[in-house]
Structures are given as C-alpha cells and as structure tokens.
Amino acid sequence: MTDTLARRLANLQDRQPATWAVTGAAARPNLHAMLRYPAMMVPKMQGDIVDTLLDYISGSSHVVDPFVGSGTVMTESLLRGLDFTGIDINPLAILVCEAKAAIDIGADITAAANATLQAIRFDVQDNVDVDFPGLTKWFDVSAALQLSRIRRAIMQVPDQAARKVIWTVFTETIRLSSNSRTSTYKLHMRAEGDRVAADRILQIFEDSLRKTLLQVAAYRKLIGDRPRRPDIKILCGDARAIALDQKPSHHNILVTSPPYGDNQTTIPYGQFSYLALRWIPIEDLNPLAGRLTMNTNSLDSVSLGGSVKFADVKAKQITGISPSLDRLMQDAAIAGTARGLRKVVSFMTDFFESLDHLRKALPANGHWVLTTGNRTASGRTIPFDSICREMLCYLGARPIATVHRRLPVKRMPSKNNMGLMITTETTLVAEFH
Ligand SMILES: C[S@@+](CC[C@H](N)C(=O)[O-])C[C@H]1O[C@@H](n2cnc3c(N)ncnc32)[C@H](O)[C@@H]1O
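Computed from a prediction, not measured in an experiment: that's the story for all the values here.

Caption draft 1: Structural detail: helix α2 (residues 43-56). Under the 1.5 Å per step criterion, the end-to-end length of α2 is 20 Å for 14 residues, consistent within 8% with the ideal 20 Å. Of all 14 residues in α2, ten are buried, a share of seventy percent or more. All of the buried residues along α2 are P43, M45, Q46, G47, D48, I49, V50, T52, L53 and Y56.

Written out as structure tokens, the structure reads:
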C-alpha cells in the first residue's frame, strides 16, 4: 500500500505542473493573497500533495499545521472541506488565520468594510491613538494621524470575526506606509525620498480593502455550498508545548513548513509583525501578544532557536539523533568553527523538541508532510532536509517520498527576497503507524 503512495508521489514530482514554479501574486489566488507573510508555501504544490494523500487514505482526515504562518495549508485544507488545526507562536499569524476562518464561516465582510469606510468619512478627531517604543521613528506624525483615523473606524465594526479581516487589511496598510523598507522583513529605515506621503494612506487602505473583498468572493465561490462546514481550530502558542486534543478516529495529516533556522539570523517574523501588532488593539489579538511585543525582539527570542542560552547543554542533548547534524557539528569542531553554529544547534534542538511533542500530542497514526529549506551558516550548508528526515526516523516514522520543487531560477544557491541563502527546497512525506 505504502509503495503505491510512494509511486504516486514520485509521479507527482516527475510530472510537477509548471504552476509549482510560479511565485508572486499569480501563484496566490483567493485568500492566499490576503496578507504578505514571509516564506509562504506554494499553495498549489501543497494542495496537490494533500490530494495525493487523500486518494490513498480512507475515512475522514484532519489537517494540522504546527507552524501555520499566514495559513497557506489552512486555505488549501478548507477548500477541500477538511477539518483543520493551525498553531503559531506569532499573534499576527494567528490573526490572519482567524480572519480566514471568519471568511470561511460566512462573516459579513462587506458590511464590515462599508461600516469602516463610513466611520472614516465621519471621523473628525485629530489625535494619535497609540503609543509604543519606536512609534515616532517608524511613522511620521501625519501618517500616525491617518492610521489612527482608520484604526478608530475599524474599532467600530460590531462583529469581532469580521473585524479581524479588516485588521488584516490594516496590517498590509501599515506595512506599505511605515518608514520601514518593504524590501526586507527586518525593521530597516527607508531612504528619505522613499517614504509614503500621509495623504496616500487612506487610498492604500481602500485599495487593499477592495482587493480583499474580491478575494473573499473568489474563495466563497470556490467553497460553494459545502455539505458540511469544516471544524477549524487556531491556537497561539509554542509548538514544543501546546496542548492538542485531536480525535483519534480521524486520520491525521500534518502539513507544514517550519522556520529555516532561528528567527534572528534567518527570517525575523517578530520584527516583521511588530508594527502591526502594536497598532491593533490588544482586545482583538491573542492575549499572548502583550508579552510577545514588549520590544521588537521579544517574539523572535521565544521562537525556535531564539536563545543560545544553554547551547552547550542542547548540543549534548541533540547528539545521536541525526547523523547529518552530528557530522556537521564534528566537522565544525575540527575546523574550530563550532561556536559559529551555536544558533543552528540551538534551533535544531528546539525543532526536535517540537517534533517530539507533536508526535506525542497527535494520534499515533498519520502522514507528515514537511517542507524544509537548506541554508548556509558560518560558510557551511545546513542539511536541514536530511536532519529533518533523520529526526522523524528517530521518532519512529517511515519516510515515503521526497518531493523536490523545481525552483523558478536555475542558478543555485538562490537568494530569497530578504537575502537568505536557500540552496534547496525539499518536501518530505513520512508515515507514522
Ligand atoms: C516558514 S513560516 C510558515 C509559513 C506558512 N507555511 C505560510 O505559508 O505562510 C514558519 C512559522 O513558524 C512560526 N514559529 C516559529 N517558532 C515557533 C514555535 N516555537 N511554535 C510555533 N510556531 C513557531 C513562525 O512564527 C512562522 O510563522
């Protein structure tokens, strides 16, 4: 039976549609384009893999994404009517997934959009309603006044579920209109001549709102009249410790793309999210947001690999689990560069802890689909794909297939849009009994 699945996945990889290589807006239809989030997966590829699994699995399935981000896997699951659980430590990721859930369950987004636009029109106040470290650096006063006006209007939307969709639009407006560059996920000052004029901000928001309404309509057309509404759970927390209660009667499919490495040296999801999280009222965010946005570094430091404290202890703990990781550390020790890999070791230990926890927290049987990227650190390629496979084998999984997406640019290694060197992208499909 497993051989059949392996063969089907091999076929899928060999005959992969050209659309797998398409990136940018064209690859992100319906709700996939709601928010620009770092390192989003290619929806079509994940959807095709899920379809291949569904053809093979009998009975009802439940999809879990423990590093859900902006919810690419969530949207693909809901489009197929599958129950879904998404987890992320980033309250902004949780907000956008909750917004997607609100759209799925039928919240009236048009009414929320109209109420917001009307409230903006009638707003006569002239004050900046938020205050946080860095406010005046990242926003000119005129911009902060405009954003406060939009913020006050959104706060008047009565339905919280629909309001979260409008906050997602507001997030995009903040990203486009702050004084931080849009070309990097780090907070990084724009050049003086590159700042967005305050009188354009309202237009940016309205354009983004209009686009979102079209995306909502496209999504709702696709889901049509489903016989049953999927069950959706969105949880904010650490994948190393979060409590899950999954029905053992469901076949579990875990589909995810973990971070490439620690947030500080790879993608700073926390910095990327900081400004929006400080503008959105805490009442509409997960309660963890308060603690995780104390400063621009708070979220990144509690994410996987966020701390090198106890790195030596961690290095001992992780030894003997993945031969590829052991080899990497031995080679670095011989070359005298082991210190440069402390963050890598710390990240890998945390990552293993999350796999181990999820393995125990989820029903015993299931398929796991993990997309990983290999990157370079201290002049070495970090073979995250092999490390991930070996960790799963250590936990008792059986690898079934590896699917490589043909990257759009032939040159290797390729840089993603924040300059991170990614040498490969691999999707591993494994089975637990
Ligand atoms: C590669 S991104 C996922 C992107 C997602 N697949 C998408 O298409 O938008 C990895 C995610 O892992 C999250 N993350 C990092 N450390 C975490 C932890 N300890 N627990 C849960 N999520 C974590 C980050 O916040 C980030 O959203």
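Read on, since the account is not over.
Caption draft 2: Seen up close, the environment of V313. Within the secondary structure, V313 is located in helix α13 (residues 311-318). When its relative accessible area of 46% is taken as the criterion, V313 is described as partly exposed. Residues V313 and S346, spaced 33 residues apart in sequence, show a C-alpha to C-alpha distance of 9.4 Å.

Caption draft 3: Representation of the pattern of salt bridges in the model. Taken as a whole and assessed by the stated rule, the structure comprises 20 salt bridges. One salt bridge connects D262 with R375, and the closest N-O pair in it is separated by 4.0 Å. One end of the pair, D262, is in the loop between β4 (251-256) and α10 (269-279); the other, R375, is in strand β5 (residues 366-377), with 113 residues separating them in the sequence. Its relative accessible area of 0% is what places D262 among the buried residues.

Caption draft 4: Representation of the packing of aromatic side chains in the model. One pass over the full model with this rule turns up twelve aromatic pairs. Geometrically, the ring pair formed by F347 and F384 is edge-to-face, given 5.6 Å between the ring centres and 70° between the ring planes. One end of the pair, F347, is in helix α15 (residues 342-361); the other, F384, is in helix α16 (residues 384-394), with 37 residues separating them in the sequence. Considered together, F347 and F384 belong to a single accessibility category, that of buried residues. Put simply, the rings of Y37, Y185, Y269 and F272 touch in pairs and so form one group of aromatic residues.

Caption draft 5: Seen up close, helix α7 (residues 141-155). For α7, which comprises 15 residues, the first-to-last C-alpha distance of 21 Å matches the rise-based estimate of 21 Å (1.5 Å per residue) to within 8%. Along α7, the residues that are buried comprise A143, A144, L147, S148, I150, R151, R152, A153 and I154. Residues of α7 that are buried in the fold lie against α5 (109-122), α8 (160-177), α9 (201-223) and α10.

Caption draft 6: Summary view of unusual backbone geometry. The phi angle at N30 is positive, at roughly 35°, despite the residue not being glycine. You can see N30 is positioned in the loop between α1 (2-14) and α2. Phi at S378 is positive, roughly 50°, even though this residue is not glycine. Structurally, the position occupied by S378 is in the loop between β5 and β6 (380-382). On the accessibility criterion, S378 (42% relative accessible area) is partly exposed.

Caption draft 7: The environment of H188, seen in detail. Among the structural elements, H188 can be located in the loop between α8 and α9. Along the chain, H188 and L135 lie 53 residues apart, while their C-alpha atoms are 14 Å from each other. Among all residues touching H188, those that are not within four sequence positions of it are W138, N179, S180 and R181.

Caption draft 8: Geometry of the environment of L235. Turning to its location among the elements, L235 is positioned in strand β3 (residues 232-236). Residues L235 and A111 lie 124 residues apart in sequence; the distance between their C-alpha atoms is 27 Å.

Caption draft 9: Local environment of the nonpolar core. Ranked by size, the top nonpolar core spans 90 residues in total, and within it F139, F170, F205 and W279 carry the most contacts. Per-element tally for this core: the top contributor is helix α4 (residues 91-104), with ten residues. Those residues in contact with F139 that lie beyond four places of it in its chain are F132, A144, L147, I174, S178, N179, L275 and W279. With 39 residues, the next largest nonpolar core counts A239, I242, I321 and L428 among its residues.

Here is what the cut-offs are and how they apply
- Residues numbered from 1 in each chain as written.
- Predicted model: local features only at pLDDT ≥ 70, side-chain atom pairs only at ≥ 80, totals over all residues.
- Heavy atoms only, no water.
- Helix = DSSP H or I, 4+ residues; strand = E, 2+ residues; numbered from the N terminus.
- Expected span 1.5 Å × (residues − 1).
- Buried < 20%, exposed > 50% of the residue type's maximum accessible area, 1.4 Å probe, protein only.
- Salt bridge = Lys/Arg side-chain N within 4 Å of Asp/Glu carboxyl O.
- Phe/Tyr/Trp six-rings, centres within 6.5 Å; stacked < 30°, edge-to-face > 60°.
- Contact = heavy atoms within 4.5 Å.
- Core = buried A, V, L, I, M, F, W, Y, C linked by side-chain atoms within 4.5 Å.

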